[in-house]
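# Chain and residue survey
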Amino acid sequence: MIEIKKFAFTPILGWSSSRYDLFLICKRRYFYHYYTKYDQEVPTRKINQFKELVSIPLETGGIVHKVIEVLLTRLKTTSKDIDRKKFFDFSLRTTENNIRTRKFEEVVYGDMAEVEVDALYPKVRESLENLLASNRFDWLVNEAISNSDEWIIDPPGYGETRIGALKVYCKVDFLFPAGDEYHIIDWKTGKPDADKHRKQLIGYSTWASYHFETDPTKVKPKIVYLHPEYQEVQETFNVFDLENFAIQVRAETEEMYEYCRDIEQNIPLDKAEFPMVDDQRICAYCNFRGICYPNLYPANL
Ligand code: SF4
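To keep things clear, this report deals only with the structure shown in the data block. Quick caveat, the model's predicted, so the values are computed rather than measured. (Residues numbered from 1 in each chain as written. Predicted model: local features only at pLDDT ≥ 70, side-chain atom pairs only at ≥ 80, totals over all residues.)

Now for the overall build of the protein. From N to C terminus, the protein includes 12 helices and 10 strands. A globule of 301 residues ought to have a C-alpha radius of gyration of about 19 Å, and the protein, at 21 Å, matches this closely. Taking the principal axes of its C-alpha atoms as reference, the protein extends roughly 55 × 50 × 30 Å. Per-residue burial for the protein yields a buried fraction of 27% across its 301 residues. Put simply, of all contacts in the protein between residues at least 6 apart along the chain, 69% involve residues at least 24 apart. (Helix = DSSP H or I, 4+ residues; strand = E, 2+ residues; numbered from the N terminus. Rg over C-alpha atoms; globule rule 2.2 N^0.38 Å. Buried ≥ 20, exposed ≤ 12 C-beta atoms within 10 Å, placed from the backbone. Contact = placed C-beta atoms within 7 Å.)

With that settled, consider the sheet that holds strand 3 (residues 160-163). Read across the open sheet, the 3 strands follow the order 1-4-3; overall the sheet is mixed. Strand pairing shows two members of the sheet lacking a second neighbour, strand 1 (15-16) and strand 3, which therefore form its edges. Of the strand pairs in this sheet, strand 1 and strand 4 (residues 166-169) are connected by 2 bridges, and their pairing is parallel. In the strand pairing of strand 4, S16 is matched with Y169. Sitting on the sheet, helix 10 (residues 239-257) touches strand 1, strand 3 and strand 4, and the angle it makes with strand 4 is about 100 degrees. (Pairing = 2+ DSSP bridges. Axes fitted to C-alpha atoms, helices over the stretch in contact; angles between N-to-C directions.)

In spatial order, the strands read 2-5-6-7-8; together these 5 strands make up an open sheet with mixed pairing. Among the strands making up the open sheet, the edge pair consists of strand 2 (152-153) and strand 8 (231-234). Alignment of strand 2 against strand 5 (residues 174-178), held across 2 bridges, turns out to be antiparallel. Note on strand 5: the bridge partner recorded for I153 is F174.

Assignment of secondary structure puts E160 in strand 3. Overall, the presence of 20 C-beta atoms within 10 Å leaves E160 in the buried class. Setting aside residues no more than four positions away along its own chain, E160 makes contact with F7, G14, K167 and Y169.

Moving on, we get to unusual backbone geometry. Here the residue pair H227 and P228 is connected by a cis peptide bond, since its omega of 0 degrees sits within 30 degrees of zero. Looking at where P228 falls in the secondary structure, it is placed in the loop between strand 7 (219-225) and strand 8. Here D154, not a glycine, exhibits a phi torsion of approximately 45 degrees, which is positive. Relative to the helices and strands, D154 is located in the loop between strand 2 and strand 3. Among the residues examined, D154 registers 16 C-beta atoms within 10 Å and is labelled partly exposed.

The full set of residues close to the ligand is C26, R28, R29, Y32, M276, V277, I282, C283, C286, F288, R289 and C292. Among the elements that make up the shell around the ligand, the one with the highest residue count is helix 2 (residues 27-34) (3 residues). Residues that form the shell around the ligand fall into these classes: 9 nonpolar, no polar and 3 charged. (Near = placed C-beta within 6 Å. Nonpolar A, V, L, I, M, F, W, Y, C, P; charged D, E, K, R; others polar.)

This part takes up the packing of helix 1 (residues 17-25) against helix 2. Two numbers describe how helix 1 lies on helix 2: the axes approach to 5 Å, and their chain directions differ by 135 degrees. For the element pair helix 1 / helix 2, the angle class is oblique. Of the residues in helix 2, those touching helix 1 at L22, F23 and I25 are K27, R29, Y30 and H33. (Parallel < 35°, antiparallel > 145°, perpendicular 65-115°, else oblique.)

And the structure:
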């Protein structure tokens, strides 16, 4: 049985691709997202309300992930064919439920009166149809299934790992061993982004090499684009790639440490040290625009 190593909690910040992306986009947004409780002006409750907003594309991806997780978990327990009608009924109900229970920024910021199921479900359905029709799914059902005890589906936690002494997060969606190789899949419903996704793939190799103490060339990380068509991107990395990645992660972590008053405890500098980005094209898509520009973006929360 393959096992994921566990780590004792430490407060120091951990690098992740999404954390560093946010840091690059806007320091104020990074502060609101990661250091909510340190804001001296805006109550934590209010920041959290903005932080929890979802967008239609983000939630569509979240629903597809959830349904695939249930599908793979079911595959582990039964080899019966999938009842497509029940499967798509389930995905429709999941979509309806999420629409009922989430707050959408499109509504809060007045772009839409409400979010209808048709705003999400066609893409959810097409993404799942593409998966079911793929050779990969066929292979999972007919070949990889024999090893399904070893599948790791949406592992708990945040994908914590280590590069030397550095804390790093690389969360995988699905891992399955085949022979002496480890296959990792990350499902995507959005557009391809070669640079960003390559960084994620190296991160998955780093994560698996650490946890399973294997040579990185034995790790086969894949990004699977589910929409508009099924497409897999796989890259294999060697120790030099991982060392190069480690240098990059170290440098990016150091940059983020500079915004900490206390690095070990991950206590940030004052909010004023986290400047707002000067680009309304970025702000127009930010959850927190109702805090930064309440007159320009009145929020109905
Ligand atoms: S609204 Fe603009 S300035 Fe404010 S946090 Fe978002 S991106 Fe940064």
